[in-house]
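# Structural features, examined
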Amino acid sequence: MQAETYPFVVRPLPYEYDELMPVLNEETLHFHHDKHYKTYVDNLNNLLSDYPELQQMSLKELLSNLEDLPVNARGGIRNNGGGVYNHELYFDSMKGAAGQEPTGELMEAIKRDFGSFRQWKEQMKQAAVTKFGSGWAWLLSDREGKLSVVQTANQDVPDFGLYTPILLVDVWEHAYYLQYQNRRADYAEAWFDLINWRKAARRYEER
Ligand code: MN
């Protein structure tokens, strides 16, 4: 992912809009992907159009070097570039087939670092439910393969120098409000059924 540079393009969903039913319905995905995510792409491109010197940088490079960017571009790239990165990974982390569990090296690491798959789920759900305001809950791996669950605010991303993202769940209200209204915990619980563990395992192995 994120190999390309400005102008960034809206990536199509890697599944049909009705494929994540009933956890996420078509209306939710159309608003989330076609409106919210697209707006981050458009805003990032608009901002970068004024900074030719940044147009050869990948999304990850931009987000990893915020302190070195022009001060007037920094906040916009943090919010909109993060919005692009986070949504692309979120949409790419899901698929429509319920009740899967990880296998192989990733499952072994989950058991080692959280005690059991169930305990990891508890911790991940807790992170999703308790994130105050808008943000994300992540499963990250460090360079040695040690896993951790963390929260980020708004569209902030983890430190890519230290961590490889394995999974993330969007807990902005726009991710669930059309279907779940204020019931964030129900959305977070249902989200586990959508995880694409094959892709998660690959991210872990390629960290
Ligand atoms: Mn979102």
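Preceding this section is the structure that the text describes.
All values derive from a computational prediction rather than experimental measurement. (Residues numbered from 1 in each chain as written. Predicted model: local features only at pLDDT ≥ 70, side-chain atom pairs only at ≥ 80, totals over all residues. Heavy atoms only, no water.)

## Structural notes on a negative patch on the surface
- A contiguous patch of negative charge on the surface is contributed by Glu16, Asp18, Glu19 and Glu26.
- One can find Glu19 in the segment before helix 1 (26-48). (Patch = residues over 30% accessible without salt bridge, like charges linked within 9 Å, V, L, I, M, F, W, Y side chains within 5 Å. Areas by Shrake-Rupley, 256 points an atom, 1.4 Å probe, with all protein chains shown as cover. Salt bridge = Lys/Arg side-chain N within 4 Å of Asp/Glu carboxyl O. Lys, Arg positive; Asp, Glu negative; His and termini not counted. Charge placed at Lys NZ, Arg CZ, Asp CG, Glu CD. Helix = DSSP H or I, 4+ residues; strand = E, 2+ residues; numbered from the N terminus.)

## Focus: the nonpolar core
- In terms of nonpolar packing, the biggest core is built from 68 residues, with Ile77, Tyr90 and Trp120 touching the most fellow members.
- Both domain 1 (26-92) and domain 2 (104-205) contribute no fewer than three residues apiece to this core.
- If we ignore the near neighbours within four places in the chain, the residues touching Ile77 are Leu44, Leu47, Leu48, Leu54, Leu62, Leu63, Leu66, Leu69 and Gly82. (Core = buried A, V, L, I, M, F, W, Y, C linked by side-chain atoms within 4.5 Å. Buried < 20%, exposed > 50% of the residue type's maximum accessible area, 1.4 Å probe, protein only. Domains from an automatic or database assignment. Contact = heavy atoms within 4.5 Å.)

## Here we look at the coordination of the manganese ion
- Bound to the manganese ion are the protein donor atoms His32 (NE2), His87 (NE2), Asp170 (OD) and His174 (NE2), situated 2.0 to 2.1 Å from the metal.
- Along the chain, the residues donating to the manganese ion are arranged with the sequence spacing H-x54-H-x82-D-x3-H. Each member of the pair, Asp170 as well as His174, is classed as buried. (Donors = N, O, S within 2.8 Å, 3.2 Å for Na, K, Ca; no water.)

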